[in-house]
Each structure stands twice: as C-alpha cells, then as structure tokens.
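If you want the building blocks of each chain, they are given just below.
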Amino acid sequence: MTNHYYSRTQHVQSDPKFWDFSLRQQTFRFKTDNGVFSKKEVDFGSRLLIESFKPTAENGKILDVGCGYGPIGISIAKSLPDATIHMVDVNERALALAKENASLNHVGNVMIYPSDRLSGVEETGFSDILTNPPIRAGKHIVHDIFEQSFHHLQPGGSLWVVIQKKQGAPSALTKLEELFDEVETVDKQKGYFIFKAKKH
C-alpha cells in the first residue's frame, strides 16, 4: 500500500528533526518526521490559517481537523489559554508527534486523539473548527469534513478552511455555501484562500 500523510500507519523509516518557528507572535519548537505533512517547516497555507484565525470565543471549545504534528492546534492553544483545543488526525505518527510537541511547548489545554475525519469526535458544540484539509485524499474526503464540521459546530460557530485555488478552492466554496448560512473569504495570498463559514 502506498504511504500518504493521510494514511493511518506510516511504514517509512523514522528520521526525526527539530526546528523552531514563530506563529501568533510566539516561538515554537517542533519535532517532525518522515510520513507527516510539511515536515521541514509550517506550510504557507497553515501559517495563513493560523494568523487569520479570530476565535468566536476566547474560552471556546475549538477543533483542529487533520492536525498533523500540531502547528495549528498548538499555536492557537498557546494564544488562547482559556480555550480547549481538540486535535484529531488519522495518521498515528502525526498524533504521537503532536502530543510530543504540545509537551515540548508547555501547552496543556489540548486533547489529541485519532479520528478519520470527524468520526472519532464524540463531542459537539464547538465554537470554531479549523482545517487545512488533505486535498490529495480526494474531494469526497474534504467535503465530508465540511459536512461533519457543520454538525459539530454550535449555532454561531464557524468553520475555518485554507485551500489553494488550483487544488479546489472554487468547488470547496460552492460546497460551503450549500451547507452554511454565511461564507466569507477572510484572506487570500499566493493562491491560498481562507474561508470562514458561519453556522446560524
């Protein structure tokens, strides 16, 4: 079977690396490895999502779908100490790294656990959900994340999505507009769009 960062188990040999990165005006130390998405630096799309994000509530319950080794969830958790951040991924190696990175950066207000899309997320009533979706896994997976996110948000909550124009931003926008009452483009840079879809 071919290995992808969105596969549950990674068979590529482990070769961990550590590096520092600034997000939301704080510096973080990350451990990454083979078999995870964007292992050499926080990718541009995730950075744009992290910096664009404005929480619905400072003390909300937030979900990071497809958390990888953790840059989105961990940086937001650090900047919102009164919030609780749930972080999920299907990739077991990425989840282990996310747990290590939360500890490495002294971030305790996170819950990190496995989930294929949102199937493993038992809680609902999230104030915000963020995702840099696994585009290469296919459009149906990405659209599943949007649909399941709608049902996991509280009224007034928002889904925040980063997606590249050439990787399906127009069809993603159409799908979000089918599901949500209010969709806006919060930012766009270098072909990346940040969509905020609000549930009324």
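About the thresholds
Residues numbered from 1 in each chain as written. Predicted model: local features only at pLDDT ≥ 70, side-chain atom pairs only at ≥ 80, totals over all residues. Heavy atoms only, no water. Helix = DSSP H or I, 4+ residues; strand = E, 2+ residues; numbered from the N terminus. Rg over C-alpha atoms; globule rule 2.2 N^0.38 Å. Buried < 20%, exposed > 50% of the residue type's maximum accessible area, 1.4 Å probe, protein only. Contact = heavy atoms within 4.5 Å. Areas by Shrake-Rupley, 256 points an atom, 1.4 Å probe, with all protein chains shown as cover. Lys, Arg positive; Asp, Glu negative; His and termini not counted. Charge placed at Lys NZ, Arg CZ, Asp CG, Glu CD. Pairing = 2+ DSSP bridges. Axes fitted to C-alpha atoms, helices over the stretch in contact; angles between N-to-C directions. Parallel < 35°, antiparallel > 145°, perpendicular 65-115°, else oblique. Left-handed = near helix turned anticlockwise from the far one by under 90°. Nonpolar A, V, L, I, M, F, W, Y, C, P; charged D, E, K, R; others polar. Expected span 1.5 Å × (residues − 1). Polar contact = N/O pair within 3.5 Å; in protein donor to acceptor, adjacent residues only side chain to side chain.

**A closer look at the overall build of the chain**
Along the chain, the regular secondary structure elements total 5 helices and 9 strands. Of the regular secondary structure in the chain, the N- to C-terminal order runs β-β-α-β-α-β-α-β-β-α-β-α-β-β. Over its C-alpha atoms the chain spans a radius of gyration of 15 Å, differing by no more than 12% from the 16 Å that the globule rule assigns to 200 residues. Viewed in the frame of its principal axes, the chain has a C-alpha envelope of about 45 × 40 × 35 Å. The burial tally for the chain puts 52% of its 200 residues in the buried class. Partitioning the intrachain contacts of the chain with sequence separation of at least 6 by distance along the chain shows that 67% fall at a separation of at least 24. Looking at the chain as shown, the accessible area adds up to about 9,300 Å², and 48% of this sits on carbon and sulfur atoms. With 24 positive and 24 negative side-chain charges, the chain shows a separation of 6 Å between the mean positions of the two kinds.

**Overview of the side chain of Lys 31**
Within the element layout of this structure, Lys 31 appears in strand β2 (residues 26–32). Excluding residues that lie within four positions of it along the chain, Lys 31 makes contacts with Pro 16, Lys 17, Phe 18, Tyr 69, Leu 97, Glu 100, Asn 101 and Leu 104.

**Thoughts on helix α1 (residues 44–52)**
For α1, the buried fraction is high: 7 of the 9 residues fall into the buried class. What α1 keeps buried is the set Phe 44, Gly 45, Ser 46, Leu 48, Leu 49, Ile 50 and Ser 52. Close packing links the buried residues of α1 with β1 (17–23), α2 (71–79), β6 (126–131), β7 (153–164), β8 (182–189) and β9 (192–198).

**Some details on the side chain of His 152**
Mapping His 152 onto the fold places it in helix α4 (residues 139–152). By relative accessible area, His 152 is classed as buried at 11%. Other than its neighbours up to four places away in sequence, His 152 contacts Leu 118, Val 121, Glu 123, Thr 124, Gly 125, Phe 126 and Ile 129.

**As for the sheet that holds β9**
The mixed open sheet is built from 7 strands, whose spatial order is β5-β4-β3-β6-β7-β9-β8. Two strands close off the open sheet at either side, each with one partner strand: β5 (110–114) and β8. Across the sheet, the axes of successive neighbouring strands diverge by a mean angle of 15 degrees, strand direction being ignored. Its contacts with the sheet place α1 against β6, β7, β8 and β9, and it is angled at close to 40 degrees to β9. Relative to β5, helix α3 (residues 92–104) is tilted by about 165 degrees, and along the sheet it contacts β4 (84–89) and β5.

**Some remarks on the packing of α4 against helix α5 (residues 169–179)**
Put simply, α4 and α5 touch, their axes get as near as 10 Å, and they point 25 degrees apart. Considered as vectors, α4 and α5 are oriented roughly parallel to each other. The chirality of how α4 crosses α5 is right-handed. Residues Lys 139, His 143, Phe 146, Glu 147 and Phe 150 of α4 touch α5, and the partners they reach there are Ser 171, Ala 172, Lys 175, Leu 176 and Leu 179. Here the contact of α4 with α5 is built from residues that sort into 5 nonpolar, 2 polar and 3 charged.

**Structural notes on α3**
Taking 1.5 Å of rise per residue, 13 residues should cover 18 Å, and α3 covers 18 Å from first to last C-alpha, within 8% of that figure. The opening residue of α3, the one whose side-chain oxygen lies 3.0 Å from the backbone nitrogen of Arg 93, is Asn 91.

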